[in-house]
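One-letter residues, chain by chain:
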Amino acid sequence: QRLSSRMMNPTGINKANFVINNEEKLNEIPNSLLNQNLKNKYIGEAKFLRALYYFNLVTLYGGVPLITTVPESSEGFPRSTVEEVYTQIVSDLTDAANTLLPKATEEQGRATRGAAYALLGKVQLYRGNYTEALAAFDNIYDVYQLTDNYFDNFMEETEHNSETIFGVEFDDDMGNNAFWNSAVSGEGPNEASLRGQSYGFVDWFNCYPSDHLLDEFEPNDPRYKASFYEVGDTYAGGELTITEISLGRRAVWRKYQNYYKDANEDLQSGINFGIIRFADVLLMMAEAANEVVDQNTAIDYINEVRDRVDMPLLSYGLSKEEVFDAIVHERMVELAGEQVRFADLKRWGMAAEVLSQFGFRSGVHD
């Protein structure tokens, strides 16, 4: 089954709990109908998704109600501590990594062993457990590769490439007649995304890159052109040219938009949205190595990301603080628009300093 876009919906946690809590009944199915490896895999998929949902919740809200059973009454659950939530997440991902299939043998779009290790490493990094993060990432370092073309990560035709570890699956050919109510009813197909329409500069245009982000890119960084359109750029397969941008903006989003081939978004998009890809993992490995290995090892990981886009490589001999600053920069430009920046700033203790210009208030928004 293709994955829901409701990445924090309690309905998803409830569905995962239903599968996990019925493991005994699943195992009662004769192996002639469903072999044990598949039974274990399905439990692992449910645990992976439960971990992902709770990771999204805990990074945004801190301690949340930790529900691991299917509720039998309408009585509420108390708020658990952050540590209790993370302990459950690590447990679920550890189990999932032992039962899920590798990417090479799994159906596209499903959770894999590599996805479990990647998310486990990310969780440990967020907790400041750098050695454990590297141990998890080491399980997948040689499994994935950066794509030759950076923009391949954001087009429909090049989904599920060598860099893809896990993402939300969208396909506007599969039907979406429950687009507006499936989150409420839980019934009917909802397999497309409104992201393109919402970000689109000739569509709703609800979201646009800030000058703060645009100014972070180094001169001649090709990721700038791969991420944004400016006046004078062509779109719709080269048939149309941007002559002006509304709202006084300098640039608009190109990432995850259908404008590379279409004149508009037609409301719904089938472009998958990446949750975690290998470039993200490399930069997280750099961050962990900078803390518990050495700076030159961290620089090597950063340079893998920079080399893919032919940017000048960092030189050895940088201090720990200089390497950290390089990681902050690289994550901002490499992962722009991929919904990781806010979580990064929060865990680094930089949210109030960086985001106050956008109305962020410490103690309210963190």
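What counts and what doesn't
- Residues numbered from 1 in each chain as written.
- Predicted model: local features only at pLDDT ≥ 70, side-chain atom pairs only at ≥ 80, totals over all residues.
- Heavy atoms only, no water.
- Salt bridge = Lys/Arg side-chain N within 4 Å of Asp/Glu carboxyl O.
- Helix = DSSP H or I, 4+ residues; strand = E, 2+ residues; numbered from the N terminus.
- Buried < 20%, exposed > 50% of the residue type's maximum accessible area, 1.4 Å probe, protein only.
- 1 Å grid on protein atoms, 1.4 Å probe; cavity = no way out; pocket = protein on both sides within 12 Å on 5 of 7 lines; lining within 4 Å.
- Points joined across faces, edges and corners; volume = space filled by probe spheres on them.
- Nonpolar A, V, L, I, M, F, W, Y, C, P; charged D, E, K, R; others polar.
- Phe/Tyr/Trp six-rings, centres within 6.5 Å; stacked < 30°, edge-to-face > 60°.
- Lys NZ or Arg CZ within 6 Å of the ring centre and 35° of its normal.
- Polar contact = N/O pair within 3.5 Å; in protein donor to acceptor, adjacent residues only side chain to side chain.
- Expected span 1.5 Å × (residues − 1).
- Contact = heavy atoms within 4.5 Å.
- pLDDT = per-residue confidence, 0-100.
- Axes fitted to C-alpha atoms, helices over the stretch in contact; angles between N-to-C directions.
- Parallel < 35°, antiparallel > 145°, perpendicular 65-115°, else oblique.
- Left-handed = near helix turned anticlockwise from the far one by under 90°.

### Overview of the pattern of salt bridges
Piece 1. If you walk through the whole model with that rule in mind, you get 30 salt bridges.
Piece 2. Between Arg 306 and Glu 218 there is a salt bridge, and its shortest N-O distance comes to 2.8 Å. One end of the pair, Arg 306, is in helix α12 (residues 295-308); the other, Glu 218, is in the loop between α9 (211-216) and α10 (222-227), with 88 residues separating them in the sequence.
Piece 3. Its relative accessible area of 3% is what places Arg 306 among the buried residues.
Piece 4. For Glu 218, a relative accessible area of 27% corresponds to the partly exposed category.
Piece 5. Across the pair Glu 330 and Arg 223 runs a salt bridge whose closest N-O atoms are separated by 2.7 Å.

### Remarks on empty space enclosed by the protein
Piece 1. Following the criterion strictly, the structure yields two cavities of 30 Å³ or more and no others.
Piece 2. What the largest cavity holds in volume is close to 180 Å³.
Piece 3. Along the walls of the largest cavity sit 18 residues, with Asn 153, His 160, Thr 164, Asn 272 and Gly 274 positioned nearest its centre.
Piece 4. Secondary-structure elements contributing two or more residues to the lining of the largest cavity are β1 (164-168) and β6 (273-277).
Piece 5. Residue composition of the lining of the largest cavity, grouped by class: six nonpolar, eight polar and four charged.
Piece 6. Of the voids in this model, the second largest cavity is the one considered here, and its volume is about 40 Å³.

### Points about the packing of aromatic side chains
Piece 1. Overall, the coordinates contain 22 aromatic pairs when judged by the stated rule.
Piece 2. Considering the side-chain rings of Tyr 150 and Phe 154, the 5.2 Å spacing of their centres and the 65° angle between planes classify their relative orientation as edge-to-face.
Piece 3. On the basis of relative accessible area, Tyr 150 is assigned to the buried category, the value being 4%.
Piece 4. Note on Phe 217 and Phe 228: the rings are 5.5 Å apart at their centroids and 85° apart in plane angle, and the pair reads as edge-to-face. Taken together, the positions of Phe 217 in the loop between α9 and α10 and Phe 228 in strand β2 (residues 228-229) put the pair 11 residues apart, joining distant regions of the chain.
Piece 5. Classification of Phe 228 by relative accessible area gives buried; the value is 0%.
Piece 6. Taken together, Tyr 150, Phe 151, Phe 154, Tyr 256, Tyr 260 and Phe 273 form an aromatic cluster joined through their ring pairs.
Piece 7. One residue, Arg 195, lies across the ring of Tyr 199, its end atom 4.2 Å from the ring centre.

### Section: the side chain of Ser 269
Piece 1. Inspection of the secondary structure puts Ser 269 in the loop between β5 (252-253) and β6.
Piece 2. Under the relative-accessibility criterion, Ser 269 is labelled buried at 3%.
Piece 3. Polar contacts involving the side chain of Ser 269 include one to the side chain of Asn 258, which spans 3.1 Å.

### As for unusual backbone geometry
Piece 1. Even without a glycine there, the phi angle at Asn 220 is positive, about 70°.
Piece 2. Its identity is not glycine, yet Asp 266 carries a phi of approximately 55°, on the positive side.
Piece 3. On the secondary structure map, Asp 266 appears in the loop between β5 and β6.
Piece 4. The class of Asp 266 is exposed, set by a relative accessible area of 60%.

### With respect to helix α13 (residues 320-334)
Piece 1. Across its 15 residues, α13 extends 21 Å between first and last C-alpha, which sits within 8% of the 21 Å expected from 1.5 Å per residue.
Piece 2. Residues Val 323, Ala 326, Ile 327, Val 328, His 329, Glu 330, Arg 331, Met 332, Val 333 and Glu 334 constitute the buried set of α13.
Piece 3. Summarising the contacts, the buried residues of α13 are in contact with α9, α10, β6, α11 (278-292), α12 and α14 (341-348).

### Concerning the side chain of Asn 272
Piece 1. Within the element layout of this structure, Asn 272 appears in the loop between β5 and β6.
Piece 2. Looking at Asn 272, its side chain comes within polar contact range of the side chain of His 160, at 3.5 Å.
Piece 3. Those residues in contact with Asn 272, other than ones at most four positions away along the chain, are Glu 159, His 160, Val 168, Glu 169, Phe 170 and Tyr 256.

### Remarks on the confidence of the model for the protein
Piece 1. With 94% of its residues at a pLDDT of at least 70, the protein reaches an overall mean of 93.
Piece 2. Here residues 1-6 is a poorly scored stretch, pLDDT under 50, and it has 18 contacts once near neighbours within four places are set aside; other chains count.

### Details of the packing of α11 against α13
Piece 1. Relative to each other, α11 and α13 sit at 165°, their axes nearing to 10 Å. In terms of orientation, α11 and α13 fall into the roughly antiparallel class. Our pair here, α11 against α13, has a crossing hand that is left-handed. The segment α11 lies against α13, with Ala 279, Asp 280, Leu 283, Met 284, Ala 286, Glu 287, Asn 290 and Glu 291 engaging Lys 320, Val 323, Phe 324, Ile 327, Glu 330, Arg 331 and Glu 334.
Piece 2. When its residues are assigned to classes, the contact of α11 with α13 shows seven nonpolar, one polar and seven charged.

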